[in-house]
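Inside the fold
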There are 2 protein chains.
Amino acid sequence: MARKTSLSGFPEWLPEERLVELHVLDVLRETFELHGFSSIETRAVETVGHLLRKGEIDKEVYAVSRLQEDEDAGSPKGEDQLALHFDLTVPFARYVVENSGYLTFPFRRYQMQKVWRGERPQEGRAREFTQADIDVVGDGTLPFRYDVELALVMIDALSRLPIPPFTLRINNRKLAEGFYRGIGLTDADGVLRNIDKLEKIGPEKVAEALREELGATAEQAAAALELASIRTDDTSFVEQVRALGVTDELLDEGLAELAEVVGEASRRAPGKVVADLSIARGLDYYTGTVYETVLVGHEHLGSICSGGRYESLASTGKKTYPGVGLSVGVTRLVTRMLSQGMAVPSRKVPTSVLVSLVDEESWSQAQDVAGQLRARGVSCEVSATAAKFGKQIKYAERRGIPFVWFTTRGEDGALAHEVKDIRSGEQVPADPAAWAPPAEDLRPVVRAVAAVGA
Amino acid sequence: MARKTSLSGFPEWLPEERLVELHVLDVLRETFELHGFSSIETRAVETVGHLLRKGEIDKEVYAVSRLQEDEDAGSPKGEDQLALHFDLTVPFARYVVENSGYLTFPFRRYQMQKVWRGERPQEGRAREFTQADIDVVGDGTLPFRYDVELALVMIDALSRLPIPPFTLRINNRKLAEGFYRGIGLTDADGVLRNIDKLEKIGPEKVAEALREELGATAEQAAAALELASIRTDDTSFVEQVRALGVTDELLDEGLAELAEVVGEASRRAPGKVVADLSIARGLDYYTGTVYETVLVGHEHLGSICSGGRYESLASTGKKTYPGVGLSVGVTRLVTRMLSQGMAVPSRKVPTSVLVSLVDEESWSQAQDVAGQLRARGVSCEVSATAAKFGKQIKYAERRGIPFVWFTTRGEDGALAHEVKDIRSGEQVPADPAAWAPPAEDLRPVVRAVAAVGA
């Protein structure tokens, strides 16, 4: 994009760009609702104590305090200080605990809101961005089947967007942890943290780190890397893992779970999923299935939709709420859609018809015409001044409005209505109580643009 | 509402409450788009310098800074410090200036976002709340006619909501200022600031303040109060003002403008507008028309939709952008709708049909049924486990899902489908490729509840 925003990391869209973002949000909302997810929103602020409860020091948090206040008094400090949320999972966990008496479990919700992270802005990473999350949360238990279902819901949603093909990469923490344990590496988090860097630094450097940081032998490091190299679009990964000759109960459990997700998802959505045993999802607190999603040909953008299963999204003294969910990085996705021209709106404005003025006195009568058209869902504007028709048509052209309406009074006093398609120049008589534009001109439509060379 | 949120001033809705808020936002968006307004969003943060540029010290601002940073270094301080926006007008002014080269003027936009003010929370006043704004902004000039149009757009939008009757109260700053000047009171802002307190402290106290603070004579104070007492639902206020015998050019201009707005709006939307010459809109920077809106019977809630004309929404060295706009206090309105039970959703969840499982193996086949129903816009969930049918029906009941789908395999291996309306108990054979619920059960619908005693 040529246009620069005035504050780095805080993208703002022009109206025609916003139409692309709105389309993405509308499609996601519609799909999530078709799958029975309820909308909620949480407040933008949490206490610092809650935000950092999982020790997530890697997220740069924005603190909030009242400006006109004395620095030393008033606003709570420390744990009770308020800060902007950096994702929608942590606030959702609090919401579930606070409102558990009012919710029906398993609770299915979607949530589309802005989040903030004070990180260094770069391509695909903003300081203010929109996420669209779905989660299912159980009270005490949550059937594993939801791990399959949530993948299918997200595949359904992403398939409806005007974007290139995508791949949902799926792995399982139990599988990885069980395997590492089976080969004698007990610091599973440490191994995962290093495996996570595979795409960035390559296998040699990862092996080196495993040996030096975690005291792995050359054989252990090689085995961990061999596991991470397995990638299949069906359940054949099971055999490949078995062929490595490692046995462990947790490994068996993880293999069975991943086979269920990948088997069912690849059957129902062929070509959309792979079992990718290198997926680690960094420091996130998942305990089983993990997902991430790349756009084919845009792998370097990073994941546009990630998530996983957590045995304990939230817990109070007595209760535990396990969950599984996925989060779409809407701003990351839309930024790429715009910069690559993947999708364009059919016009810049909602307006389908400009009702022109023949003279200054006809404004109210023009509003009547507009009111009749709007009653049938046709978006209209009325000219603010009775400039020459040519000037009014020019205004419509500049705005990207496809039709201009003309009303004139004949010598017998009767009103005559005509409507002009300013793209073709065709002008025909029209009845304000019955006329409508062709369906494709009723509102702006966002369409995929075929990639050059594709 | 019985339920308390954990942070005072930061309301969060339950899913069924959120449906009411979503309905309000959807109706506003649809109406604004029918009138040709484009959606934009601006970032949540502005610099303190920009936020306070009009000297608005009455708005309590929340400052934002990175938590992990040294207190004395890093984050910009003073004018460049970041803070959360307290309305959508100030950010919009910056957006217009920054993007003027990419916009077509007059620029029509709507904007629905959260804003934050660190004020003491009370009924009708939250610290985080949603506003829905429409504005039209011109490049250099903006025809007065938009002052009429914007009132009509908002009347159209509010009339589509499940709320009690409302009154748009309209006044004009030129009228007031011209009148005060005509009687020899030159500090128009000072007079307006006191008139603004009329409803709160009564005419005697206002008169006293006018005399003591502004040095008004008893006659001047009485005349100012007499002006403020004028309230008509047509243009007859013009005669009443004339009868006070004050002459001033600016007064004439204001009278003509207000007569145009009220005359046209009362003709097109009878009973929805009054000329109310007590409306001052506090310290806001309007220069002509001012609007506020009350729900009949809920006047003490304060205005649910306010705005006005500003001769210079924004300006750069060379250019001035005049505008006129109105802002709906969505959170204030929705809070009242919920606390008074003005509107309720027809059900709590988007789901219309629960597809039940006859046994654990039938999950994938049940997903096929759900997929067929979704393809026709019917929201479905599939049971996660093959519990007894009675238990699956109970789950649907608890969630508020109206229909349960049953698929069984006959002895000949053929699948038989039936669907049960669990409210009536009626169960009938159904074809997953053709069946749809009655239109009123397709999705949750938010309906107005008639007021008790109304």
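Residues numbered from 1 in each chain as written. Chains lettered and ligands numbered in written order. Predicted model: local features only at pLDDT ≥ 70, side-chain atom pairs only at ≥ 80, totals over all residues. Heavy atoms only, no water.

**Things to note about the sheet that holds strand E10 (residues 289-295) of chain B**
Residue and element names in this part refer to chain B.
- The strand order across the open sheet formed by 9 strands is E1-E5-E6-E12-E11-E10-E7-E9-E8, and the pairing between neighbours is mixed. With one partner strand each, in any of the chains shown, strand E1 (38-39) and strand E8 (231-232) form the two edges of the open sheet.
- Here E8 runs beside strand E9 (residues 273-276); their pairing, made up of 2 bridges, is antiparallel. Each bridged residue has a counterpart across the sheet, and for Thr232 the counterpart in E9 is Ala275.
- Against the sheet, helix H3 (residues 89-99) engages strand E5 (107-116), strand E6 (128-137), strand E11 (305-315) and strand E12 (320-329), with an angle of about 35° to E11.
- Across the face of the sheet, helix H4 (residues 145-159) comes into contact with E5, E6, strand E7 (166-172), E9, E10, E11 and E12 while running at roughly 20° to E12. (Pairing = 2+ DSSP bridges. Helix = DSSP H or I, 4+ residues; strand = E, 2+ residues; numbered from the N terminus. Contact = heavy atoms within 4.5 Å. Axes fitted to C-alpha atoms, helices over the stretch in contact; angles between N-to-C directions.)

**Things to note about the UniProt feature "binding site: L-histidine" (unreviewed entry) in chain A**
Residues and elements named next belong to chain A.
- In the numbering adopted here, UniProt assigns the feature "binding site: L-histidine" (unreviewed entry) to Asp87, Leu88, Thr89, Arg117, Gln131, Asp135, Arg281, Tyr285 and Tyr286.
- By secondary structure assignment, the location of Asp87 is in the loop between strand E4 (82-84) and helix H3 (89-99).
- Sequence-distant contacts of Asp87, defined by excluding residues within four places in its chain, comprise Val115, Arg117, Gln131 and Tyr285.
- Within the local environment of Asp87, its side chain forms a polar contact with the backbone nitrogen of Thr89, the two atoms lying 3.2 Å apart.
- Position of Asp135 among the secondary structure elements: in strand E6 (residues 128-137).
- Note on Asp135: relative accessible area 2%, which makes it buried.
- With near-sequence residues (within four places) excluded, Asp135 lies in contact with Phe37, Phe92, Phe107, Arg108, Arg109, Leu150, Tyr310, Val324 and Gly325.
- Within the structure, Asp135 has its side chain in polar contact with the side chain of Arg109 (distance 2.9 Å). (UniProt positions renumbered as here; feature names shortened; annotations may be inferred. Polar contact = N/O pair within 3.5 Å; in protein donor to acceptor, adjacent residues only side chain to side chain. Buried < 20%, exposed > 50% of the residue type's maximum accessible area, 1.4 Å probe, protein only.)

**A short note on helix H1 (residues 15-34) of chain A**
Residue and element names in this part refer to chain A.
- Over its 20 residues, H1 extends 28 Å from the first C-alpha to the last, a length consistent with the 28 Å expected when each residue adds 1.5 Å.
- Most of H1 is tucked away: 16 of the 20 residues are buried.
- Just past H1, the residue Gly36 takes up positive phi, approximately 80°. (Expected span 1.5 Å × (residues − 1).)

**Some thoughts on the packing of helix H5 (residues 173-182) of chain A against helix H6 (residues 188-195) of chain A**
All names here are of chain A.
- The interhelical angle for the contact between H5 and H6, taken along N-to-C directions, is 110°, at an axis separation of 10 Å. Here H5 lies roughly perpendicular to H6, going by the angle between them. Like other packed secondary-structure pairs, H5 and H6 cross with a definite hand, here right-handed. Contacts between H5 and H6 involve Arg173, Ala176, Glu177 and Tyr180 from the former and Ala188, Val191, Leu192 and Ile195 from the latter. (Parallel < 35°, antiparallel > 145°, perpendicular 65-115°, else oblique. Left-handed = near helix turned anticlockwise from the far one by under 90°.)

**Side note on the pairing of E5(B)**
Residues and elements named next belong to chain B.
- Across the 10 residues of E5, 10 count as buried, placing the element largely inside the fold.
- Of the two faces of E5, the one carrying Phe107, Arg109, Gln111, Gln113 and Val115 and the one carrying Arg108, Tyr110, Met112, Lys114 and Trp116 are both buried.
- Here E1 runs beside E5; their pairing, made up of 2 bridges, is parallel. For Ser38, the partnering residue across the bridge sits in E5 and is Arg109.
- Pairing geometry for E5 and E6, over 10 bridges, is antiparallel. What sits directly across from Phe107, in E6, is Val137.

**Looking at unusual backbone geometry**
- The step from A:Phe105 to A:Pro106 runs through a cis peptide bond, and the omega angle for that step is -10°.
- Looking at where A:Pro106 falls in the secondary structure, it is placed in the loop between H3 and strand E5 (107-116).

**Regarding the side chain of A:Asn194**
Residues and elements named next belong to chain A.
- Assignment of secondary structure puts Asn194 in helix H6.
- At a separation of 3.5 Å, a polar atom in the side chain of Asn194 contacts the side chain of Glu213.
- With sequence-adjacent residues up to four places away left out, Asn194 is seen in contact with Val206, Ala209, Leu210, Glu213 and Leu214.

**Some thoughts on the relation of the copies chain A and chain B**
- The operation relating chain A to chain B is a screw motion whose rotation component is 180°, with 0.0 Å of axial translation and a residual RMSD of 0.0 Å. What we have between these two chains is a two-fold relation. No C-alpha of chain A approaches the rotation axis more nearly than that of A:Val64, which lies at 2.4 Å.
- In this assembly the copies share their binding face: 100% of the residues contributing to the interface of chain A also contribute to that of chain B. (Least-squares fit on C-alpha atoms with pLDDT ≥ 70 in both.)

**Some points on the pairing of E12(B)**
All names here are of chain B.
- In terms of burial, E12 is a largely internal element, 9 of the 10 residues being buried.
- Where E6 and E12 come together, 7 bridges link them in antiparallel fashion. Residue Val136 lies in a different strand from E12, and its bridge partner there is Val324.
- Bridging between E11 and E12 involves 8 bridges; their strand directions are antiparallel. Each residue of the ladder has a partner; that of Cys305, found in E12, is Val328.
- Taking the residues between adjacent antiparallel strands as the criterion, E11 and E12 are bridged by 4 residues.

**Looking at the sheet that holds strand E12 (residues 320-329) of chain A**
Residues and elements named next belong to chain A.
- Read across the open sheet, the 9 strands follow the order E1-E5-E6-E12-E11-E10-E7-E9-E8; overall the sheet is mixed. Unpaired on one side and paired on the other, strand E1 (38-39) and strand E8 (231-232) mark the two borders of the sheet.
- Direction of pairing for strand E7 (residues 166-172) relative to strand E9 (residues 273-276): parallel, over a ladder of 3 bridges. The residue bridging Ile170 from the neighbouring strand is Ala275, located in E9.
- The strands that H3 touches are E5, E6, strand E11 (305-315) and E12; relative to E11, the one it contacts most, it runs at about 35°.

**Concerning the packing of aromatic side chains**
- All told, the structure shown has 21 aromatic pairs over all chains when counted by the stated rule.
- Here B:Phe403 and B:Trp435 contribute two aromatic rings whose centre-to-centre distance is 5.2 Å and whose plane-to-plane angle is 75°, an arrangement assigned as edge-to-face. Residue B:Phe403 is found in strand E16 (residues 403-409), and its partner B:Trp435 is found in the loop between strand E18 (427-429) and strand E19 (446-448); the two are separated by 32 residues along the sequence.
- Take B:Phe403: its relative accessible area is 6%, and that puts it in the buried class.
- Accessibility expressed as a relative area gives 15% for B:Trp435, which makes it buried.
- In textbook terms, an aromatic cluster arises when at least three aromatic residues are bridged by ring pairs, as seen for A:Tyr285, A:Tyr286 and A:Tyr310.
- A cation over an aromatic ring shows up here: B:Arg109 above the ring of B:Phe92, its NZ or CZ 3.8 Å from the ring centre. (Phe/Tyr/Trp six-rings, centres within 6.5 Å; stacked < 30°, edge-to-face > 60°. Lys NZ or Arg CZ within 6 Å of the ring centre and 35° of its normal.)

**Here we look at the interface of chain A and chain B**
- Counting residues at the interface gives 88 residues for chain A, matched by 88 residues for chain B.
- Buried surface at the junction of chain A and chain B, summed over both partners, amounts to about 8000 Å²; 50% is from carbon and sulfur atoms.
- For the pair chain A and chain B, the number of links is 16 salt bridges.
- Between A:Arg94 and B:Glu12 there is a salt bridge, with its nearest N and O atoms 2.8 Å apart.
- Viewed at the interface, chain B and chain A are joined by 55 residue pairs in polar contact (both at pLDDT 80 or more).
- For the side of chain A that touches chain B, the leading source of residues is H1(A), giving 7 residues.
- Relative to strand E3 (residues 62-66) of chain B, strand E3 (residues 62-66) of chain A runs antiparallel, the two being bridged by 5 bridges. For A:Val64, the partnering residue across the bridge sits in E3(B) and is B:Val64. (Buried area = accessible area lost by both parts, 1.4 Å probe. Salt bridge = Lys/Arg side-chain N within 4 Å of Asp/Glu carboxyl O.)

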